[in-house]
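Tertiary structure, described
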Amino acid sequence: MFASDVLGCTNGSLSRSRCLGELACVHPILRHGLALPLLAACGSPAGSAEEGDTGTTAFSSTDPDSTDGMLPEADGATDSTDTGDVATEGEADHGWVLVWSDEFDGDAIDQLRWEHEVDCWGGGNAEQQCYVAGDDTSFVRDGRLHIVAIAEPTSGAAVNGDDPAYDPNDTSVTLPYRSARLRTRDLGDWRFGRIEVRARLPRGQGTWPAIWMLPSAQAYGGWAASGEIDIMEAVNLEVGGENRVYGTLHYGSYWPQNVHSGLEYTLPGGALPSDDFHDYAIEWEHGEIRWYVDDHHFATQRQDGWYSLHDDGTGQLVVGEGAAPFDQHFHLILNLAVGGAWAGNVNDGGIDASAFPQTLEIEYVRVYECSVDPESGHGCETIGDDAVLVPGHPAPG
């Protein structure tokens, strides 16, 4: 039963994840509120919850490793040490109100927040891992979610779970690695807001960690006409000095007529994202998406630099109106891929089996809405002085 079926819930009520055993109300920012338990039965409305240069490089192509020149330097990042802070749902900061979070303070992955994807499909990128739901590839320990890629042949389904041909008993594909991919679809789906994830990234040739979002309903059809928001990706960290993270949008029309654009970022002083925890975030409002690392705003993309070219239902391709495709509900995905079209073809190339196992560690995931205007997300902007406006790809004539 979805939370919207619960009698007595009101659309405007904020909810508190720590109130165990209660059903959830639907908050305006959520399409489904199953992961947000009802406040009323919980009592109070507030729960408990190196100096140096940086580099940013814009890209706008079909290959995220293809970049144009260096762009303006960014300010220093905030201290990356663990403060132990726990977010409180309903707590406001500069107009942002926390509406969904996972602090990973239990002893197991919360099934009301996360769904495992299980397949050996390869992500459409010739990746070399099977995604499984095993205890050795995804688990909560010491207040952190661990997603582990392991070098061991694993068999599973040839297509992903959203394919009509998917059979969970299919073991027709065997790949040399296994890992995990978790998503919030139908458990947490958002349109506009601030999504923030604190993570320490894996290292080594062939690693490809990602914190990203996909549309929950694909209102404009298949990838990438309905869009993709990459909050953070990195490949092959520490190989040959590799220390970049990327923020990217995918859009345009159906593959292979898709395009993408984004920006790379390096931490101050050449610090490595694999050495410590850092905050990776976007602020998403109608017509604009901004990227942040440790609260440093380094990139912005706007609707005049993205588009959706999709079938209008009659077989005619049309350009979506307004901010399409980034005007729909999206869900969050956390995964660690191995190899594939990107990680396997840059830096030293291929996969260094001796580097594994490798772990993507997540300290928390927090989702906020803008209390000034929840319907559009406008009014809570955190704007940096030297953020780069990425030109993107305007809609075709």
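If you're wondering where the values come from, they're calculated on a predicted model, not measured in any experiment. (Residues numbered from 1 in each chain as written. Predicted model: local features only at pLDDT ≥ 70, side-chain atom pairs only at ≥ 80, totals over all residues. Heavy atoms only, no water.)

Turning our attention to the overall build of the protein. When you go through the protein residue by residue, the secondary structure sums to 1 helix and 24 strands. In the protein, which comprises 397 residues, the share counted as buried stands at 56%. Split by element, the accessible area of the protein, about 16000 Å² in all, is 48% carbon and sulfur. (Helix = DSSP H or I, 4+ residues; strand = E, 2+ residues; numbered from the N terminus. Buried < 20%, exposed > 50% of the residue type's maximum accessible area, 1.4 Å probe, protein only. Areas by Shrake-Rupley, 256 points an atom, 1.4 Å probe, with all protein chains shown as cover.)

Below, the discussion takes up the environment of Asp295. Within the element layout of this structure, Asp295 appears in the loop between β18 (288-293) and β19 (296-302). Taking the C-alpha atoms as reference points, Asp295 and Asp279, separated by 16 residues in sequence, lie 7.2 Å from one another. At a separation of 3.0 Å, a polar atom in the side chain of Asp295 contacts the side chain of Arg194. (Polar contact = N/O pair within 3.5 Å; in protein donor to acceptor, adjacent residues only side chain to side chain.)

By definition, a disulfide is the covalent link that joins the sulfur atoms of two cysteine residues. What the rule picks out here adds up to 2 disulfides. Between the sulfur atoms of Cys120 and its disulfide partner Cys130 the distance amounts to 1.9 Å. Its torsion about the S-S bond being 110°, the disulfide of Cys120 and Cys130 is classed as right-handed. Taken as a pair, Cys120 in the loop between β5 (115-116) and β6 (129-131) and Cys130 in strand β6 lie far apart in primary sequence, 10 residues in all. For the pair formed by Cys120 and Cys130, the shared burial category is buried. Linked covalently through their sulfurs, Cys370 and Cys380 form a disulfide whose S-S length is 2.1 Å. Its S-S torsion of about 85° marks the bond between Cys370 and Cys380 as right-handed, since a negative value means left-handed. (Disulfide = S-S within 2.5 Å.)

What follows covers the packing of aromatic side chains. Overall, the coordinates contain 12 aromatic pairs when judged by the stated rule. For the pair Phe104 and Trp114, a centre-to-centre distance of 6.3 Å together with 25° between the ring planes defines the contact as stacked. In this pair, Phe104 is assigned in the loop between β4 (96-102) and β5 and Trp114 in the loop between β4 and β5, connecting sequence segments 10 residues apart. Taking the centre distance of 5.5 Å and the plane angle of 75° together, the rings of Phe192 and Trp284 count as edge-to-face. With Phe192 in the loop between β11 (189-190) and β12 (193-200) and Trp284 in strand β17 (residues 278-285), this pair connects stretches of sequence that are 92 residues apart. Each member of the aromatic cluster is reached from another via a ring pair, and the members are Phe192, Trp284, Trp306, Phe326 and Phe330. (Phe/Tyr/Trp six-rings, centres within 6.5 Å; stacked < 30°, edge-to-face > 60°.)

Time to look at unusual backbone geometry. Looking along the chain, the bond that leaves Ala324 and enters Pro325 is cis, with omega of 5°. Mapped onto the secondary structure, Pro325 falls in the loop between β21 (317-319) and β22 (330-338). Positive phi outside glycine occurs at Glu238, with the angle close to 75°. On the basis of relative accessible area, Glu238 is assigned to the partly exposed category, the value being 30%. Even without being a glycine, Asp294 presents a positive backbone phi close to 50°. Relative to the helices and strands, Asp294 is located in the loop between β18 and β19. Look at Asp294 and you get buried, because its relative accessible area is 1%.

Counting buried positions along strand β16 (residues 258-266) yields 9 of 9 residues, so the element is predominantly enclosed. Burial of the side chains of β16 extends over both faces: Asn258, His260, Gly262, Glu264 and Thr266 are buried on one face and Val259, Ser261, Leu263 and Tyr265 on the other. Across 9 bridges, strand β15 (residues 244-252) lies against β16 in antiparallel orientation. Across the sheet, residue Tyr251 finds its bridge partner in β16, namely Val259. If you look at the hairpin formed by β15 and β16, you'll find 5 residues sitting between the two strands. (Pairing = 2+ DSSP bridges.)

Examined against the element boundaries, Val140 turns out to sit in strand β7 (residues 138-141). Val140 sits in the buried class, given a relative accessible area of 10%. Linking Val140 and Glu363, residues 223 residues apart in sequence, is a C-alpha distance of 9.8 Å. Aside from chain neighbours lying at most four places away, what touches Val140 is Phe104, Gly106, Asp107, Ala108, Ile109 and Leu145. (Contact = heavy atoms within 4.5 Å.)

Let us look at the nonpolar core. Grouped together as the largest cluster of nonpolar side chains are 59 residues, with contacts concentrated most on Met213, Trp284 and Leu332. Ignoring any residue separated from it by four or fewer positions in sequence, one finds Met213 in contact with Trp190, Ile195, Glu228, Ile229, Ile231, Ile282, Trp284, Phe330, His331 and Leu332. In terms of nonpolar packing, the next biggest core, distinct from the first, is built from 8 residues, Tyr131, Trp208, Ala337 and Trp342 among them. (Core = buried A, V, L, I, M, F, W, Y, C linked by side-chain atoms within 4.5 Å.)

Take the pattern of salt bridges next. In the structure shown here, the tally under the stated rule is 26 salt bridges. As a salt-bridge pair, Glu361 and Arg144 come within 3.6 Å of each other at their nearest N and O atoms. With Glu361 in strand β23 (residues 358-370) and Arg144 in strand β8 (residues 144-156), this pair connects stretches of sequence that are 217 residues apart. We classify Glu361 as buried; its relative accessible area is 12%. With its nearest N and O atoms 2.8 Å apart, the salt bridge here joins Arg302 to Glu288. On the criterion of sequence distance, the pair formed by Arg302 in strand β19 and Glu288 in strand β18 is long-range, its members being 14 residues apart. Owing to a relative accessible area of 38%, Arg302 belongs among the partly exposed residues under this scheme. The class for Glu288 is buried, based on a relative accessible area of 11%. (Salt bridge = Lys/Arg side-chain N within 4 Å of Asp/Glu carboxyl O.)

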